[in-house]
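Close look at the chain arrangement
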Amino acid sequence: MSLDTATVRRVAALARIRLEEEEVARVQGELNGILGWIEQLQAVNTDGVEPMAGGTPEGIAAMPMREDVVTDGGQAEAVLANAPDREGEYFGVPKVVE
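Now for a look at the structure at hand. The shown structure was predicted, so the numbers you read here are calculated from the model rather than taken from an experiment. (Residues numbered from 1 in each chain as written. Predicted model: local features only at pLDDT ≥ 70, side-chain atom pairs only at ≥ 80, totals over all residues. Heavy atoms only, no water.)

When you go through the protein chain residue by residue, the secondary structure sums to 3 helices and 2 strands. Ordered by position in the sequence, the α and β elements of the protein chain form the string α-α-α-β-β. Relative to the 2.2 N^0.38 estimate, which gives 13 Å for 98 residues, the radius of gyration of the protein chain is 26 Å and therefore markedly larger than a compact globule would have. By its C-alpha atoms, the protein chain is 65 × 50 × 20 Å across when sized along the principal axes. Within the protein chain, contacts between residues at least 6 apart in sequence are counted, and of these 28% link residues at least 24 apart. About 9300 Å² of surface is accessible on the protein chain, with carbon and sulfur atoms providing 56% of the total. The positive charge centre, built from 8 side chains, and the negative charge centre, built from 18, are 10 Å apart in the protein chain. (Helix = DSSP H or I, 4+ residues; strand = E, 2+ residues; numbered from the N terminus. Rg over C-alpha atoms; globule rule 2.2 N^0.38 Å. Contact = heavy atoms within 4.5 Å. Areas by Shrake-Rupley, 256 points an atom, 1.4 Å probe, with all protein chains shown as cover. Lys, Arg positive; Asp, Glu negative; His and termini not counted. Charge placed at Lys NZ, Arg CZ, Asp CG, Glu CD.)

Structure representation (structure tokens):
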């Protein structure tokens, strides 16, 4: 499949991307290259391959679960160590409402 310049302009308009006339040919080449890669992927034989919901099969890289506990973090000094201004255990910020 190959895109013509009118289709490239239409895709750009739908994506709300402003293209100058001199950019249309470059973008046309890039989009045609992407479509070429998709055509190559469609040619791969996937018979017998089970679909996956993620990058790893379930159970292989299961994330360890921890108890969900709300804390203050206990790191106020470490967090505020590089603060430009602080007021006690809080960031000091300029007043924006008069």
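With respect to the element layout, glutamine 28 can be found in helix H2 (residues 21-42). A distance of 2.7 Å separates a polar atom in the side chain of glutamine 28 from the backbone oxygen of leucine 3. Here glutamine 28 is in contact with Leu3, Asp4, Thr5 and Val8, once residues within four sequence places are set aside. (Polar contact = N/O pair within 3.5 Å; in protein donor to acceptor, adjacent residues only side chain to side chain.)

This model, assessed by the stated rule, comprises 4 salt bridges. Between arginine 26 and glutamate 23 there is a salt bridge, with the nearest N and O atoms lying 3.7 Å from each other. Residue arginine 26 and its partner glutamate 23 are both found in helix H2; the two are separated by 3 residues, about one turn of the helix. The exposure class assigned to arginine 26 is partly exposed, which follows from its relative accessible area of 45%. On the accessibility criterion, glutamate 23 (25% relative accessible area) is partly exposed. Across the pair arginine 86 and glutamate 77 runs a salt bridge, and its minimum N-O distance is 3.0 Å. Counted as one network, the salt bridges with shared partners bring together Glu23, Arg26 and Glu30. (Salt bridge = Lys/Arg side-chain N within 4 Å of Asp/Glu carboxyl O. Buried < 20%, exposed > 50% of the residue type's maximum accessible area, 1.4 Å probe, protein only.)

Such coordinate-based values are descriptive only and should not be taken to indicate function.
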